[in-house]
Amino acid sequence: MENISGSIKKKDHEAKINGSALYVDDHLMDGMLYGRMLHSAKAKARITKIILPELPEGYLIVDKNDVTGVNRVAIIIHDTPVYAEDTVEYVGEPILMVVGPDDQVVETILHKIVVVYEEKIPVLDMLTSDTVFFDYNYTKGDMDKALAEADRVFIETFQTGYQEQAYLETQGLIAYPQDGRMTVRGSMQCPYYVHSAVANAIGCEGKDVQIIQDVTGGGFGGKEAFPSILACQVAVAAKKANKPVKVIFDRREDMEFTSKRHPSLSTYKVAIKNGEITGMDIDVLFNSGAYTTLSAVVLQRGLICANGVYRIDNLRVGGRAVKTNTVPCGAYRGFGAPQTFFAVEMIMDHIAKEMGLDSLELKEKYMVKQGDSTSTSGKYHFHVPLPEMIQRIDELTDYRAKRKQYQQQIGRYRKGIGLSMFFHGCGFTGSGERDIIKAVAKIRKNPDNTVEILASNADIGQGLKTTFCKIVADTLGISYDRVYIDNPDTDRVPDSGPTVASRSLMTVGGLLQRAAEKLKKEWQEGKEQVIEEHFVEPDFVIPFNLKDFSGDAYPTYSWSVNAIEVEVDTLTATTKILGAWGIFDVGVPIDMNIVMGQMEGGFLQGIGYASMEQMDYNAKGIIRNNSFSDYIIPTAVDVPNLVAEIMNNPYTHGPYGAKGAGELPLVGAAPAYVEAMENALGANLNKVPFTPEDVMKILQGVNT
Amino acid sequence: MMINFILNGQKVVSTAKANERLLDILRTEFACTGVKCGCKEGECGACSVIIDGKLVNSCMVAMGYVESCTVMTIEGYRKTERFAVLDTSYASVSAVQCGFCTPGMVLASECILAKNPNPTEAEIREGISGNLCRCTGYNAIVQAISIAAKEGKGLW
Amino acid sequence: MVNGYQATSLKEALKILAKESVTPYSGGTDLMIDPEEHATFLFLARISEMKNIIEDTEYLRIGAACTFTEIIENELVPEILKEAAAQIAAPAIRNLATIGGNICNGSAKGDSALILFATDAKLRLVSSRGERVLPIAEFYLGRKKTALKSDELLVEILIDRINLSNYYYKKVGARDALAISRVSFAAILNVADGKIVNCMTAFGAVSDIIIRRPDIDAMLVGKTTKEAKVVKKEYIAAYDQAIIPIKGRISAEYRKAVCMNLLRDFLESNGI
């Protein structure tokens, strides 16, 4: 283990464990008002009338007419209204906000408001959508030829469902006007995203907006774009009231109406000739929901990894993110990759079975190695540690033997084991880092020789404050206690980009390391010094072109192999997880405890996605799984035997050899789980979550 | 009529109505903001407090219920020797991530150890099974409690 | 106390209940999920008559205000009830939630209520007018509807002192803690002198009311295991007709299949 990997007490530990850390709902301000949103009750309708009750003094209604700037939230495409205009496009769309000094009175007023809708027929099923938001296609080799010459073509469709981030702290923000400026503070991952959105909505210059991240109770992607929407609404309210306004979502509101993982349908056509896989023709469909939010980039990532970790010479990948009258989907840890990795891992498994091979044997035959070409004709520039990961998994689990042993079982309890192999492309897809984000980070040495880190990346629990400080302290050769970082405040920190895409440590951490190296050289005792570093794309990167999806979509990749062992109770169709093992390569861990916490936590979220986290809308477009009793996430007793191991594979261009970590552990849990279920049940399966009801259908021989 | 109870070792009187949630009153009237609100349905444990030695979800408690009771929140517990042991053990394995479940988790840890100073891993997991954590995958928290059991000999 | 009354004796509680419009509050874990804004609670946790667990010659008597933690920790309580209680929610809820609340909630998903159905428990209901003892099956009138009068309190649960050690219990939830039953099944079967002396089964969370059909179970009573095997098919067919799961988020087909599987397994585990 490298020195830097040794663990240290986290910077945020003390305040969080003793309860003194202030999250947004813990802040009170003089004269502060409370806001509650009126959400659309209909999936698609024209609003013909809104009947308001008489408002007590001090209470007000805020809606589209109060938006002093543009009534659109600046995300990638500016299509999400701040407040609904004449129509509503999904159940939950914000129509107006009731604001006032007493939260309960606000609630009472909210219930008295009558909205008269002229209902229209909503499009709920993505297969019937008539609006394609994004449509991407790319090819490699000659897929038509591969199909024409194939002696066998496998075709199968795979389905994945919603996943809700289920961070423990719900969405919440406070906005307050001050000296002609607007400040918004609260729970968020990306202060500068919120910054542009607020300036656009209230119609002011960027210099008149200040965004402050408060201690944030988890994000997992759910606080990437959504806070931009809420911030516009709250800022408009604060501007109208000319007072601080706080909005905290309740759990049901948060689960039902905020962004979640895109449901998907992926159809794979795999050409086989002379027992060899010669090509994959892949069609991916993502349900975007009513507005585009981040669907474009989520889809891009999903498509780029649609062939998994396999060397497929002929490839045709097409994908669409379509509009439906459902809640807009957005970022969630893995960002499009869990959907297509599930599909490709399963189809490889099914092909193997048909060919009379063990699934792992087939996968090993095609898995990529250093120097191979990627799906987008870029290059795997660095060592691919999959073979040693597979070996380690086999040592830990006796996978190969068990897999055979479990093929023939009778009796009430049936066991199964499954394996997945996957990567996560580190950082933004394509040239986003170079062309759009252009990250800037600073460090400032104070006269007392302490050093402050100035970056816009948010510690949302993943340990960024600690890892950033470790990198700077170690590079400078000073004690960790002398380096500090506050929650980002756009008045104080440069735009080092959002806290997303497993980029913060690798990319911004790299800038900080460079800044610290420079400061070390220029160090002057007792003087204030500021060092600023700008992002530079590494030389080896083959420039990515989004038009034809060519080049290096990512500079490097984090790798993993997962195995999951299950036991199905055939009487109740319930499944016990006997063990879950993950080997992860995230480069050099900058603090082993933190990396282990990311791997274990992400892996468990992935197992939840695969097994129990079920969410769907009904015929009216209403999501009913909107509480912790209806949307079930794993508790401490559900997967007691979860084992994560780190494989050290330094990345030459990352700080201390580190690369992306946060998302990787979620990506491959679903195929490992479902493969295990297949092994136990002796059937081909093609959906997640794979629930007890699905198991029962298989046991009863019902075709799904 | 007021509601009298002992909060973190101090006699207190609340003017709240008997049907209000203890969670809300602790946060607003008594500024115990270490008590977190995660769901208000008894499903997440973020609002856990200890009443008369037992772990409860404060969102599920009406104020009238706490009349004459002893209530401990993280604000009181953090002054104890036992807390210091848990603080160190949680830190040693970095069991705190976003922190929103943490105060409730620490109080659940206390109740596990108070009942059984040498719990098995299964008993620890059972003891925190009502406290959801979305960040850690629970392993680090389980380890932290087990380390506290070893290091805190005699305190529980 | 605004919006609340503290009662320290049963007499006092019944007096308040007779006069005022109040909601009895035992553990609060159901009431507080979505509390009525203007509800006035009558707090029962300090009424010692409702907190006892004692045995007399006929019954095990469990005070309605006993929490599940108290039930799990009490040595008089039969294992079948402890096992069910231990699978309710999580420790913090079990420290508050009471057996009386679980019954008066009127839900067919009540995990302790299932055991009380399977054991043909009786409920002692008391008002300032007097008291009555009702078999639990007669207490449940429909979904969330019970026979409890507005001036009555459920004070005690009475369980016959028969042998409950040969039991079968399975709760099927979505996960291993904090789970609401999707299907639950409890059964007791006693054999004496080679013959089945009682067979009591109950199915929870499938219908508006927990399903308990002594008329069907009677098919097995008085028979040897061998004789029981002869009527097994008929017995299962009778339950196949009797169990009609109501629609819910979890499909009726799934819940029906689980019920029938567990029923068969219960019989097989008893050699039938």
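Only a predicted model underlies this, so the values are computations on that prediction, with no experimental measurement involved.

Asks: Before we move on, can you summarise the overall build of chain B with the specific residues and values?
Replies: Within chain B, the regular secondary structure consists of six helices and five strands. Taking 2.2 N^0.38 as the reference for a compact globule, 156 residues should give roughly 15 Å; the C-alpha atoms of chain B span a radius of gyration of 15 Å, in line with that estimate. Judged by the C-alpha coordinates and their principal axes, chain B covers about 45 × 30 × 20 Å. Within the span of chain B, comprising 156 residues, buried residues form 68% of the whole. The long-range fraction of contacts in chain B, counting pairs at least 24 apart against all pairs at least 6 apart in sequence, stands at 58%. Surface summary for chain B: the accessible area is close to 5,000 Å², and the carbon and sulfur share equals 53%. When the 15 basic and 15 acidic side-chain charges of chain B are each reduced to a single mean position, those positions are 2 Å apart.

Asks: I'd love a proper account of the pairing of strand β10 (residues 152–160) of chain A, names of residues and values included.
Replies: Residues and elements named next belong to chain A. As defined by bridge partners, β10 adjoins strand β15 (residues 264–273) across nine bridges and the pair is classed as antiparallel. Opposite Q159, over in β15, you have L265 as the bridge partner. Bridge count between β10 and strand β26 (residues 687–688): two bridges; the pairing is parallel. Its bridge partner lying in β26, Q159 is registered against K687.

Asks: Describe in detail the pattern of salt bridges, supporting the description with residues and values.
Replies: Applying the stated criterion across every chain, the model contains 77 salt bridges over all chains. With a closest N to O distance of 2.7 Å, E645 of chain A and R392 of chain A form a salt bridge. Pair noted here: E645 of chain A is in strand β25 (residues 642–646) and R392 of chain A is in helix α10 (residues 386–397), with a separation of 253 residues, a long-range link. A relative accessible area of 26% places R392 of chain A in the partly exposed class. Put simply, R124 of chain C and E131 of chain C hold a salt bridge, and the shortest N to O gap is 2.8 Å. With relative accessibility at 16%, the residue R124 of chain C sits in the buried group. If you follow the salt bridges from partner to partner, you end up with E345, D349, D358, K363, R403 and E675 of chain A in one network.

Asks: Describe in detail the environment of F117 of chain C, supporting the description with residues and values.
Replies: Residues and elements named next belong to chain C. Note that F117 resides in helix α6 (residues 111–118). F117 sits in the buried class, given a relative accessible area of 2%. F117 sits 70 residues away from I47 along the chain, and the two C-alpha atoms are 25 Å apart. Non-local contacts of F117, meaning those with residues more than four positions away in its chain, are made with I136, A137, Y140, A202, I209, I210 and R212.

Asks: So, the domain arrangement of chain B: which residues are in play, and what are the values?
Replies: Many analyses report the size of an interface as the accessible area lost when the parts associate. Residues and elements named next belong to chain B. According to the domain assignment, chain B consists of domain 1 (3–76) and domain 2 (80–151). For domain 1 and domain 2, the distance between their C-alpha centroids amounts to 21 Å. In this complex, domain 1 contributes 18 residues to the contact, which on the side of domain 2 involves 13 residues. When the two sides are added together, the surface that domain 1 and domain 2 hide from each other amounts to roughly 1,100 Å², 71% of it contributed by carbon and sulfur. Of all residues in domain 1, K36, L55 and I74 give up the largest surface area on contact with domain 2, accounting jointly for 38% of the area buried on that side. On the surface where domain 1 and domain 2 come into contact, there are four residue pairs in polar contact (both at pLDDT 80 or more). Contributions of two or more residues to the side of domain 1 that touches domain 2 are made by β3 (48–51), β4 (54–57) and α2 (74–77). Broken down by element, the side of domain 1 that touches domain 2 gets its largest block of residues, three residues, from β3. Residues that form the side of domain 1 that touches domain 2 fall into these classes: eight nonpolar, seven polar and three charged.

Asks: Can you tell me about the packing of helix α15 (residues 592–611) of chain A against helix α17 (residues 669–681) of chain A, naming the residues and giving the values?
Replies: All names here are of chain A. Running from amino to carboxyl end, α15 crosses α17 at an angle of 50°, the nearest separation of the two axes being 8 Å. Looking at the two axes, α15 sits oblique to α17. Between α15 and α17 lies a crossing whose hand is right-handed. Contacts between α15 and α17 pair F603, G606, I607, Y609, A610 and S611 from the former with A669, A670 and Y673 from the latter. Grouping the constituent residues of the contact of α15 with α17 by class yields seven nonpolar, two polar and no charged.

Asks: Would you mind going over the interface of chain A and chain B in detail, with residue names and values included?
Replies: The interface is formed by 53 residues belonging to chain A together with 44 residues belonging to chain B. Surface buried jointly by chain A and chain B totals about 3,600 Å² across both partners, of which 54% is contributed by carbon and sulfur atoms. Per-residue buried area on chain A facing chain B is highest for I17, L168 and A636 of chain A; these three make up 19% of the total on that side. On the surface where chain A and chain B come into contact, there are five salt bridges. Here R27 of chain B makes a salt bridge to D26 of chain A, at a shortest N to O gap of 2.7 Å. Those elements that provide at least two residues to the side of chain A that touches chain B are α1 (13–17), α6 (251–257) and α15 of chain A. Considering each element in turn, the side of chain A that touches chain B owes the most residues, seven residues, to α15 of chain A. Looking at side-chain class alone, the side of chain A that touches chain B contains 21 nonpolar, 19 polar and 13 charged residues.

Asks: Quick one: what's the story with the UniProt feature "domain: FAD-binding PCMH-type" (unreviewed entry) in chain C, residue by residue and with numbers?
Replies: Here, the residues flagged by UniProt with the feature "domain: FAD-binding PCMH-type" (unreviewed entry) are residues 1–164 of chain C. Helix makes up 28% of residues 1–164 of chain C and strand 26%, with an end-to-end C-alpha separation of 44 Å.

Asks: A description of the packing of helix α4 (residues 102–115) of chain B against helix α6 (residues 139–151) of chain B should follow, citing residues and the corresponding values.
Replies: All names here are of chain B. The interhelical angle for the contact between α4 and α6, taken along N-to-C directions, is 45°, at an axis separation of 11 Å. By the angle between their directions, the pair α4 and α6 is classed as oblique. Once α4 is placed against α6, the crossing between them reads as right-handed. Contacts from M105, S109, I112 and L113 in α4 reach I141, I145, A148 and A149 in α6.

Asks: Before we move on, could you go through the sheet that holds strand β7 (residues 130–135) of chain C and cite the residues and values that matter?
Replies: Within a sheet, adjacent strands bond to each other through the backbone by hydrogen bonds, running parallel or antiparallel. Residue and element names in this part refer to chain C. Ordered by their spatial adjacency, five strands build an open sheet running β4-β5-β10-β6-β7, and the pairing between neighbours is antiparallel. The open sheet has two free edges, formed respectively by β4 (53–55) and β7, since each of these has just one partner strand. If you compare each strand with its neighbour and ignore which way they point, the axes differ by 20° on average. As paired elements, strand β6 (residues 122–127) and β7 share six bridges and run antiparallel to each other. Note on β7: the bridge partner recorded for L125 is R132. Where helix α1 (residues 10–19) meets the sheet, its contacts fall on β6 and β10 (153–160), and the angle it forms with β10 comes to roughly 125°.

Asks: So, the interface of chain B and chain C: which residues are in play, and what are the values?
Replies: Contacts between the two partners involve 30 residues from chain B and, on the opposite side, 33 residues from chain C. Contact between chain B and chain C buries roughly 2,500 Å² in total, counting both sides, with carbon and sulfur atoms accounting for 59%. Where chain B meets chain C, there are three salt bridges. For K115 of chain B, the salt bridge identified is with E73 of chain C, shortest N-O distance 3.8 Å. Summed over the shared surface of chain B and chain C, the result is ten residue pairs in polar contact (both at pLDDT 80 or more). At four residues, the largest contribution of residues to the side of chain B that touches chain C is made by β4 of chain B. Here the residues of the side of chain B that touches chain C sort into twelve nonpolar, eight polar and ten charged.

About the criteria used
- Residues numbered from 1 in each chain as written.
- Chains lettered and ligands numbered in written order.
- Predicted model: local features only at pLDDT ≥ 70, side-chain atom pairs only at ≥ 80, totals over all residues.
- Heavy atoms only, no water.
- Helix = DSSP H or I, 4+ residues; strand = E, 2+ residues; numbered from the N terminus.
- Rg over C-alpha atoms; globule rule 2.2 N^0.38 Å.
- Buried < 20%, exposed > 50% of the residue type's maximum accessible area, 1.4 Å probe, protein only.
- Contact = heavy atoms within 4.5 Å.
- Areas by Shrake-Rupley, 256 points an atom, 1.4 Å probe, with all protein chains shown as cover.
- Lys, Arg positive; Asp, Glu negative; His and termini not counted.
- Charge placed at Lys NZ, Arg CZ, Asp CG, Glu CD.
- Pairing = 2+ DSSP bridges.
- Salt bridge = Lys/Arg side-chain N within 4 Å of Asp/Glu carboxyl O.
- Domains from an automatic or database assignment.
- Buried area = accessible area lost by both parts, 1.4 Å probe.
- Polar contact = N/O pair within 3.5 Å; in protein donor to acceptor, adjacent residues only side chain to side chain.
- Nonpolar A, V, L, I, M, F, W, Y, C, P; charged D, E, K, R; others polar.
- Axes fitted to C-alpha atoms, helices over the stretch in contact; angles between N-to-C directions.
- Parallel < 35°, antiparallel > 145°, perpendicular 65-115°, else oblique.
- Left-handed = near helix turned anticlockwise from the far one by under 90°.
- UniProt positions renumbered as here; feature names shortened; annotations may be inferred.

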